[in-house]
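Take a look at the letters that make up each chain.
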Amino acid sequence: MKDRMNEEERRTLPADMFGLPERREYPMPDAAHVRAAEAYFRYCPEGLKPRLARAILAKAQAYGVCVKSREVLDYASAEE
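Next up on the list: the environment of P27. Residue position: P27 is located in strand β2 (residues 25-27). Its relative accessible area of 12% is what places P27 among the buried residues. Between the C-alpha atom of P27 and that of E38, which follows or precedes it by eleven residues, the distance is 11 Å. Residues within four places of P27 in sequence aside, it is in contact with M5, R10, L13, M17, F18 and H33.

It is worth spelling out unusual backbone geometry at this point. Even without glycine at this site, R24 takes up a positive phi of about 50 degrees. Position of R24 among the secondary structure elements: in the loop between β1 (18-20) and β2. Overall, R24 belongs to the partly exposed group, its relative accessible area being 29%.

At a closest axis distance of 9 Å, the pairing of helix α2 (residues 31-39) and helix α3 (residues 49-63) adopts a crossing angle of 150 degrees. It follows from the interaxial angle that α2 and α3 lie roughly antiparallel. Every pair of crossing elements has a handedness; the one defined by α2 and α3 is left-handed. On the side of α2, the interface is formed by A31, V34, A37 and E38, while α3 contributes I56, K59, A60 and Y63. For the contact of α2 with α3, a count of residues per class yields six nonpolar, no polar and two charged.

This paragraph deals with the side chain of K59. As for its placement among the helices and strands, K59 is situated in helix α3. In this structure K59 is buried but unpaired, with D16 as the nearest side chain of opposite charge at 5.4 Å. Leave out the neighbours within four places in its chain, and K59 touches D16, M17, M28 and V34.

What counts and how
Residues numbered from 1 in each chain as written. Predicted model: local features only at pLDDT ≥ 70, side-chain atom pairs only at ≥ 80, totals over all residues. Heavy atoms only, no water. Helix = DSSP H or I, 4+ residues; strand = E, 2+ residues; numbered from the N terminus. Buried < 20%, exposed > 50% of the residue type's maximum accessible area, 1.4 Å probe, protein only. Contact = heavy atoms within 4.5 Å. Axes fitted to C-alpha atoms, helices over the stretch in contact; angles between N-to-C directions. Parallel < 35°, antiparallel > 145°, perpendicular 65-115°, else oblique. Left-handed = near helix turned anticlockwise from the far one by under 90°. Nonpolar A, V, L, I, M, F, W, Y, C, P; charged D, E, K, R; others polar. Lys, Arg positive; Asp, Glu negative; His and termini not counted. Salt bridge = Lys/Arg side-chain N within 4 Å of Asp/Glu carboxyl O.

Now the structure itself:
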């Protein structure tokens, strides 16, 4: 899969491929998109960051991606 997805490609992804499925934001169908979600994490609304961080870590584990962002790691371990 290429780095950027068009609207049609995003529309065909199942909800569980998104970091925030209810908003269909932060698609993570492969390792490149997991890294992109990590890079764009700072733009996530504050109240959704813990959930997105945990989704990034779960997808990273599934695709063998090493998450290096201290912010993502800190939010993933935070209580909701």
